[in-house]
Amino acid sequence: MSTSDARQRWKEWREERAEVVSAPYGPLALTGTYWLSGLSEGRIPDTPGRWTEAPGGSGVLLTATAGDGLSLDGRPFEGEAVLTADAGPGAARVGHGERNLVVIRREGLWAVRVFDPASPGRRAFAGIDAFEYDGGWVLPGAFRPYDRDQTVAVENADGRTRGLGVAGELAFVKDGEEYALRVSAEADGSLWAVFADGTSDVSSYRFRFLKPGAPDAQGRLTVDFNQALLPPCAFADHFICPFPPPGNRLSFDVPAGERNLLAR
């Protein structure tokens, strides 16, 4: 692919990213994450209904009256319902006006996230600042899987330490030196890493994500730092993004990819 074609594809990728993060139920719309264990009498601030853990921890028990104005699967809801984890903000079963109330489960704990298309963050969005495209940061890489998946304890953006599953290392060569990032694997085989570098908290956000896709049968894939991503917590404080695990803090600058959120 020519440099001009690669640059054009990168511009299109940036436009798609801006559309995704500013969508009505994208990350900018998140206004709160409420763990059931921390709720007083099952009440979420400024949100009707009573939200408690279902017997046996099987889900979230929602109790509501007709006057609460909640909907379930698109219909007015009253009574009781046991909810399990939603597939995503746009697929939430419970709504309150234009807001979607999303059930999530993390490390055995249940929580409800509130996504509001009228959120201050979404109204203030002015784009995502990024470094200029640089073909020198498109590098051949190799995935080296571990014999078995490992779990590393890392601090999260909310101050808690949680386990981060890692499936192996993503190796790449820059300026004649080999480096490796510990990566996690999705169910479809695609890899992702959370990393920091010399620009972190200086000219870019404090850490970023890298999603190079899935390796081929020989473990080969392309590592394109021009598509380094801001983590969800860069768009809303209520996400619980993991910080880089040991080994994923690069000692050099990576002046490629997304830098920071722009707000009006």
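Given the structure is predicted, the values throughout are model-derived calculations rather than measurements.

Q: Is there a simple way to think about the packing of aromatic side chains in this case?
A: Two aromatic rings are characterised by how far apart their centres lie and by the angle between their planes. Enumeration over the complete set of coordinates arrives at 11 aromatic pairs. Here the aromatic cluster, defined as three or more aromatic residues joined through ring pairs, consists of Trp-137, Phe-172, Tyr-179, Phe-195, Phe-225 and Phe-252. Directly above the ring of Trp-137 sits Lys-174, whose terminal nitrogen or CZ lies 4.2 Å from the centroid. Here Arg-259 stacks its cationic end above the ring of Phe-131, 4.4 Å away from the centre of that ring.

Q: Explain the pattern of salt bridges here, please?
A: Any two side chains of opposite charge can pair, given that their charged atoms come close. Throughout the structure, instances matching the rule amount to seven salt bridges. The salt bridge involving Arg-162 is made with Asp-158; its shortest N-O contact spans 2.8 Å. Assessed through its relative accessible area of 7%, Arg-162 is described here as buried. For Arg-220, the salt bridge goes to Asp-216, with nearest N and O atoms at 2.9 Å.

Q: What should I look at first to understand the sheet that holds strand 7 (residues 94-96) in this one?
A: Hydrogen bonds along the backbone pair up the strands of a sheet, which may run parallel or antiparallel. Pairing is antiparallel in the open sheet, where six strands are placed in the order 1-9-8-7-4-5. Sheet topology places strand 1 (30-35) and strand 5 (75-76) at the edges, where each strand pairs with a single neighbour. Pairing analysis gives seven bridges linking strand 8 (residues 99-106) to strand 9 (residues 109-115), with the strands arranged antiparallel. By the bridge assignment, Arg-105 is partnered in strand 9 with Trp-110.

Q: How do you make sense of the pairing of strand 3 (residues 60-64) when you look at a structure like this?
A: A regular strand places its side chains so that they alternate between the two faces of the sheet. Most of strand 3 sits inside the fold, with four of its five residues counted as buried. The sheet contact formed by strand 2 (residues 50-53) and strand 3 spans four bridges and is antiparallel. Bridge pairing links Arg-50 to Thr-63 in strand 3. Linking strand 2 to strand 3, which pair antiparallel, is a turn of six residues; within it Gly-56 sits at a positive phi near 80°. Across five bridges, the pairing between strand 3 and strand 6 (residues 79-83) is antiparallel. From the neighbouring strand, Leu-61 faces strand 6, where its bridge partner is Val-82.

What counts and how
Residues numbered from 1 in each chain as written. Predicted model: local features only at pLDDT ≥ 70, side-chain atom pairs only at ≥ 80, totals over all residues. Heavy atoms only, no water. Phe/Tyr/Trp six-rings, centres within 6.5 Å; stacked < 30°, edge-to-face > 60°. Lys NZ or Arg CZ within 6 Å of the ring centre and 35° of its normal. Salt bridge = Lys/Arg side-chain N within 4 Å of Asp/Glu carboxyl O. Buried < 20%, exposed > 50% of the residue type's maximum accessible area, 1.4 Å probe, protein only. Pairing = 2+ DSSP bridges. Helix = DSSP H or I, 4+ residues; strand = E, 2+ residues; numbered from the N terminus.

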